[in-house]
Each structure stands twice: as structure tokens, then as C-alpha cells.
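Architecture at a glance
Chain by chain, the residues:
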Amino acid sequence: MNRTLYGNLIFELSHPGRRGYSLPKNNFGHHEVPAEERRQADAALPECDEMTVVRHYTNHSGNNFGVDNGFYPLGSCTMKYNPYINEEMANLPDFAALHPQQPEDTVQGALAVEYNLRQSLAELTGMSDFTLNPFAGAHGELTGLMIIRSYHQARHDDKRIKVIVPDSAHGTNPASAAVCGLEVVEVKSTPDGLVDVEDLKPLLGDDIAAMMMTNPNTLGLFEKDIPEIAKLVHGCGALLYYDGANLNPLLGVCRPGDMGFDVMHVNLHKTFSTPHGGGGPGAGPVGVRKGLEEFLPSPHVVKEGDRYSVCYDHACHVGAYLGNFGVILRAYTYILSLGKENIKMVGPLATLTANYVKECLKDAYELPIGGLCKHEFVFNGLRDKSTGVTTMDVAKRLLDYGYHAPTIYFPLLFHEAMMIEPTENESKDTLDGFIDVMHRIAKEAAEQPELVKTAPHNAPISRVDDVLAAKHPIVTYKQLINDND
Ligand SMILES: *Cc1c(COP(=O)(O)O)cnc(C)c1O
């Protein structure tokens, strides 16, 4: 791409007076905007011709990386393929042009989608009912914890102010608990990467509101002690919360509801194939077991006979209207297009691809916890530590070969964590291509470590200063100019 011609910022291409579009002549008489409603000065917009604008944005869009461009093994994020039929459904004008305040009679189809998706999720997870209102996994966690808090308050059990979170948990777990006004207590993992039941026991008491768990956990390992953990947690009067971000490998195999979980969220944008990346969009429906339905937030869709209506009978609200409808519609399309039989293949296939990649690469990368994983696994950097090549270097070098990097430096249990999740959609050819490149990088690290340490060499930009970008983000052109003064 020619940067001098098409520029990094549209503002850099601006020429005073240049126009990309002009309004047609007004043939309908004189209609001036009243003086007091007019702006005092022109808006500070870039002035460009149409072709320049089109090329600028089209060329920039080519710098994006997505599942449609290449392999995207970003662990924990389940970057699975987003089938195009989902987009076709979401683009149907009858859905896309709906207004949330339309009369119920005119939106029966949309309400049916909401109602049916709730039933499907309940069946797939073993929960009694769901709310589709939360807008992300983290928002689902907060909603779920609010449900748990309401449950305890309704029983006048006011001492329960603590939430137990494993040390391997995703950062959103303790964050959600803190936002909900609950205190976080950490439970340790065993050397095998599972929740340490002996460490858990003394933490349980009448001040515990809930324990949050991810199963399989963030190391991709199935928490096989879950029946005992559920018994212990319930024994002290607390509820068990399921972080459903890792539901993918369980689909068709087992259900959180049957494992003893009371409240859970699902990341529709992960397990149910709606596009996500760069922070959104998403949806984090929350499910509850039988007996907790009354604590779900409003509004929700109810069905009487053939008619659907929106019901506001519960006190709590977590968002406007009925959630992120476009995402809900895509997830429902995905479930229907796979169907009851094929959806059972998702989990086993995701597990197979992850184990295949893990076994093929463990000769070159350090596998701290061996054995069968589920949909993802974690390496602790290269096996050969003498080269000085870090996980960050390997991740950057992967970009040169056209692959998205795996998740790095998470979970925090290992210093050089590299978390790989291939998903069920990838062909053996794609997996073999990735394995080949990972081996090649390991060889480069041994023979030409500088090449890997200074990567990427083929990307539009080289290494960015992550810390500076996070601590001092420059998000407007004006700010950029001022900062350069
Ligand atoms: C992605 C993820 C979350 C948070 O979900 P968001 O939709 O990103 O808010 C929570 N827990 C785990 C294990 C995750 O992978």
C-alpha cells in the first residue's frame, strides 16, 4: 500500500476546499436552519475527494486480520468461523430495521427468536431459564453475581460478601465480583493445574456468596473434581457460578447444569459463532437453575399460546430492551443451522484439533502440564530457554508468516504462557501449516535468534510500545497535533 498517497490518517490527506460530495440544488424553496441553531464555525472535518476517501479506508481495512483472512488461534477467545448465513439473517430488513419500541404485534418473529434461543441455551447447558440482556461475558458475570446477591438477600442471609475465584481465572472474574461490591478470595491450583480442593476447604464458610469456576479452566483442563467442589460449595450455603466462556468443548458432551452449577453465562460471540474482536460486539446471556428464575432481570419474552409479549415483572434491569439483538439472531441461526445432531460434534472436534496441535509441537515448546486437554492448551515458551527468545518474540514472528498470534502471557500461572485454541473449524492442512511454521520459528530461535527477537519484519508496523499505548492513548487527531507541538 502506498502510504504517501493514501496516508495514515484521513486528516493528513485533507486539502482546504476539496469536496467529496455536494448536495443537489434545493428546489423546494428557502429553508435556512435558524441562526441560533447553526454552528459558529465549520466542523473540523477532513476535506477530501471521494476516491481518496474510498482508497484510504479500503487500504486500511486490508490491514485487519480476522478469521476470514487466516488462522486465528487466540486462546480463550474461541475465534471460530462465523458462517455467512448468520450475516444474511441479521441483514434481513425485517430484522435489521426493527425499532425496540415497535408494537408487539409487529415484532412477533423477533420475539420468537429471543424466546427460542433462551430455550435452546437452557437445553444445551442444563439450566432452567436464561436472560439474553447482558452485552458481554463480563456483563454476564456481573449480572450473574447480582442474581446470586439477590438470592442471598431474599433469604436475609446478609453475611455473604465474599466470592472465591481460582488463581487461573480470567481477569474479568475478580473484576466482576469487585464491581458487584463483593470481596475476592483466591483459591490456588494444584501442580496439575486444577482447583486445589484442600486449599478450597478452609475458605468455605457462612460469609461466602459464591464460587466462580471455568470448566474446562483457562489451561484447557477439565476440572474433574467438580462434583466434590459443587458439594462443598453448596454445603456452606453458597452458589456455584459457571464462567461459560469455555463452553465450546462441552457442547454435545456434558452440561454445566448437570455438574452442579447454579448460575452461568454464555459468550454468544465465542461458542455460538457471532463475530467478535477488538472488544465487541457481543452478548453474555445468563442462565439459572430451577428455583432462581425470579432473580433474572427484566425485560424478558413470555409466550402464551402462539403469542409472544415482553414482560417487565422482575425488578432488576441490566440493559435497555432485550439485549444485543443482532448477536442473538446470529447465535440462533448458528444453532439452527448445525441442528441437534451436528452441534454434538463441536466439542469433540475442538478437543481433537487442540490435542493434535499440542502433541505435534511439544517437542519444541515447553508443555508444563501434559495429558489430554480440551479445546485449548498452554505452552510455557520454547523448550530451549538458552536462546533468549521469548513468547512475545515467537508471537511477533508468527505475524511475519501470516498467522494471528496465540494469547500470550495469560493465564498468569507460567512466565512465558502461550495459549493456543485452534477451534473445531480448521482443516488438517491449516493445522499442519501452523505446526510447520511454529517448528520453523523454533529452529530460527536456535540458529538466528536476532531474526525472531526483532520480528515482525513484514507487518505494516513493527513493535509498538504497548505500555505507552495503554497509559497514554492518543485517540483524536487534534490530540495528535497537540502532542507533537
Ligand atoms: C472471554 C472471557 C471472559 C469475558 O468475556 P467478554 O465477553 O470478553 O467480556 C471471561 N472469562 C473467560 C474465561 C473468557 O475467555
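Relevant structure appears above.
Presented here is a report on the structure given in the accompanying data block. The structure displayed is predicted, hence computed values, not measured ones.

The rules behind each value
Residues numbered from 1 in each chain as written. Predicted model: local features only at pLDDT ≥ 70, side-chain atom pairs only at ≥ 80, totals over all residues. Heavy atoms only, no water. Helix = DSSP H or I, 4+ residues; strand = E, 2+ residues; numbered from the N terminus. Expected span 1.5 Å × (residues − 1). Buried < 20%, exposed > 50% of the residue type's maximum accessible area, 1.4 Å probe, protein only. Contact = heavy atoms within 4.5 Å. Salt bridge = Lys/Arg side-chain N within 4 Å of Asp/Glu carboxyl O. Pairing = 2+ DSSP bridges. Phe/Tyr/Trp six-rings, centres within 6.5 Å; stacked < 30°, edge-to-face > 60°.

1. Thoughts on helix α15 (residues 428–447)
- The end-to-end C-alpha distance of α15, which contains 20 residues, comes to 28 Å, matching closely the 28 Å that a straight helix rising 1.5 Å per residue would cover.
- Along α15, the residues that are buried comprise L431, F434, I435, V437, M438, I441, A442, E444 and A445.
- On its buried face, α15 is in contact with α13 (346–361), α14 (391–400), β12 (417–420) and α16 (449–453).

2. Topic: the pattern of salt bridges
- Evaluated as defined, the whole model comprises 24 salt bridges.
- The closest approach of N and O atoms between D400 and R397, which form a salt bridge, is 2.7 Å. Taken together, the residues span about one helical turn, with D400 and R397 both in helix α14 at a distance of 3 residues.
- Judged by its relative accessible area of 11%, D400 falls in the buried class.
- Of the charged contacts in the structure, one is a salt bridge between D432 and K428, with a shortest N-O distance of 3.0 Å. With D432 and K428 both in helix α15, this residue pair falls 4 residues apart, about one helical turn.
- Since its relative accessible area comes to 26%, D432 is described here as partly exposed.
- The structure contains a network of salt bridges with shared partners spanning E104, D105 and R307.

3. Looking at the pairing of strand β9 (residues 307–311)
- Taken together, the 5 bridges between strand β8 (residues 300–304) and β9 define a ladder with antiparallel strand orientation. Pairing of E304 across the sheet is with R307, part of β9.

4. Focus on the packing of aromatic side chains
- One pass over the structure, following the stated rule, counts 12 aromatic pairs.
- Their ring planes at 70° and their centres at 5.7 Å tell us that F65 and Y72 sit as a pair that is edge-to-face.
- Exposure remark for Y72: the relative accessible area of 10% places this residue in the buried category.
- With a centroid separation of 6.2 Å and 85° between ring planes, the pair formed by Y151 and F295 is classed as edge-to-face. Linking Y151 in helix α6 (residues 137–154) with F295 in the loop between β7 (286–288) and β8, this pair joins segments that are 144 residues apart in sequence.
- Of the aromatic side chains, those joined through ring pairs into one cluster are F71, Y403 and F434.

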